[in-house]
Amino acid sequence: MFIPYWDFSHANNSIPVWVKNFKPKGIQAIAPAGLPPGHPGHGKEGHTYQVQVTRWPGTNPAVPYSPSAGLVGRVLRETDYTRFTRGLEWAPGLVRPASAAEIDRTGMLISRLGQAAKEFTPLVESLRAGAVNEQLQFPVLRALYHLESTLAVPSILPGADRGTMKQLLGTVTKFFQTGPHTDVHTWVAGHHPLKPAVRGTAVYFHETVADPLFVMLHAEVDRIWATWQMKNSGRPDLRGADATFKPWEGGRTWTLPELLDYQSLSYRYDRMYMS
């Protein structure tokens, strides 16, 4: 059995040539709330629509480059299971310590924006109090998402405010190190060149599986996981129903030992990950 993987960290900020124009059609999805104007599912909440597989790699200012082999290598060096798996998503030490000058600069930029970036206020307060922890990741990443989306639409803000927003985006993102899996989704998707509020397929959870790169990306994440398993013995602390997995109704139920033993499955990688 052959499952193609995409060695994204050695790909020099490019996607495989053969898949660039491979964008399946005829796939439907149910539109969630909040899709932006210009997206084919906009205004169709709760109804089906035709998915249009799109990609604009490198056009998202928050993630202009694909993850490096160095980042993947750092994640692989984590010997603790939890830190390794979290590292694939958010990277160890998601929020890094910040200097007083960095905190003051961020606070100053936020004050100039008023309500436009109010979601960042808890970040500044937490940093000043020394409460740097992973509990900040979701509210702050949501704030970054909204900030970066606003920057992508020139008509929303006057020039001066856009300049301040760009400063804030650059300043705040320095506090974070997201993981290679998360970064690939964001990097590949990018922004529509004429409808910048619209992102590529890879970041819309309900439709990302329509893109063949989804399978190739997750096969690579699995290859990284297999590489880690060869050198480490950690495993998730799950019991009872939490230690089983049933992907769809009527399908087979997989146990935790079966899922952990990738060598028992019907595929092999031609080589393990090399950073």
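Calculation rules
- Residues numbered from 1 in each chain as written.
- Predicted model: local features only at pLDDT ≥ 70, side-chain atom pairs only at ≥ 80, totals over all residues.
- Heavy atoms only, no water.
- Helix = DSSP H or I, 4+ residues; strand = E, 2+ residues; numbered from the N terminus.
- Buried < 20%, exposed > 50% of the residue type's maximum accessible area, 1.4 Å probe, protein only.
- Lys, Arg positive; Asp, Glu negative; His and termini not counted.
- Salt bridge = Lys/Arg side-chain N within 4 Å of Asp/Glu carboxyl O.
- Axes fitted to C-alpha atoms, helices over the stretch in contact; angles between N-to-C directions.
- Parallel < 35°, antiparallel > 145°, perpendicular 65-115°, else oblique.
- Left-handed = near helix turned anticlockwise from the far one by under 90°.
- Contact = heavy atoms within 4.5 Å.
- Nonpolar A, V, L, I, M, F, W, Y, C, P; charged D, E, K, R; others polar.
- Arc of directions from axis to C-beta.
- Core = buried A, V, L, I, M, F, W, Y, C linked by side-chain atoms within 4.5 Å.

Undergrad: Explain the side chain of Glu 207 to me, using residue names and the numbers behind them.
TA: In this fold, Glu 207 is placed in the loop between helix 7 (180-189) and helix 8 (212-231). For the buried Glu 207, no salt bridge exists, and the shortest N-O distance to an oppositely charged side chain is 11 Å, to Lys 44.

Undergrad: So what's going on with the pattern of salt bridges? Which residues, and what values?
TA: In the structure shown here, the tally under the stated rule is seven salt bridges. We note a salt bridge from Asp 7 to Arg 223, for which the minimum N-O separation is 3.6 Å. Placement of the pair is Asp 7 in the segment before strand 1 (28-30) and Arg 223 in helix 8, with a sequence separation of 216 residues. Across the pair, exposure class does not vary: Asp 7 and Arg 223 are buried alike. A salt bridge links Glu 220 to Arg 223; the nearest nitrogen and oxygen atoms lie 2.8 Å apart. Of the two residues, Glu 220 and Arg 223 both sit in helix 8, three residues apart, roughly one turn of that helix. What makes Glu 220 buried here is its relative accessible area of 0%. In the salt-bridge network here, residues are joined through shared partners; they are Asp 7, Glu 220 and Arg 223.

Undergrad: Provide a residue-level description of the packing of helix 7 against helix 8, including the pertinent values.
TA: Axis separation between helix 7 and helix 8 bottoms out at 11 Å; the angle between their running directions is 160 degrees. With respect to helix 8, the axis of helix 7 lies roughly antiparallel. Where helix 7 crosses over helix 8, the two elements pack in a sense that is right-handed. Contacts from His 181, Val 184, His 185 and Val 188 of helix 7 reach helix 8 at Leu 213, Phe 214, Leu 217, His 218 and Val 221. A breakdown of the residues in the contact of helix 7 with helix 8 according to their chemical character gives six nonpolar, three polar and no charged.

Undergrad: Provide a residue-level description of helix 4 (residues 121-129), including the pertinent values.
TA: Within helix 4, burial applies to Leu 123, Val 124, Ser 126 and Leu 127. Within helix 4, the buried residues cover an arc of 165 degrees as seen down the axis, which keeps them to one side. Exposed positions of helix 4 whose direction lies more than 90 degrees from the buried face are Glu 125, Arg 128 and Ala 129.

Undergrad: Lay out the nonpolar core in plain terms, naming residues and giving numbers.
TA: Of all hydrophobic cores here, the largest spans 29 residues; its most connected members are Trp 6, Phe 8, Leu 76, Phe 84, Val 188, Leu 213 and Ile 224. Contributions of two or more residues to this core are made by helix 1 (69-76), helix 2 (81-89), helix 7, helix 8 and helix 9 (256-260). Here the element with the most residues in this core is helix 8; it accounts for seven residues. Ignoring sequence-local partners within four residues, the contact set of Phe 84 consists of Val 75, Leu 76, Glu 78, Ile 224, Trp 225 and Trp 228. Residues Leu 109, Ile 110, Val 172 and Phe 175 belong to the second largest nonpolar core, which totals 18 residues.

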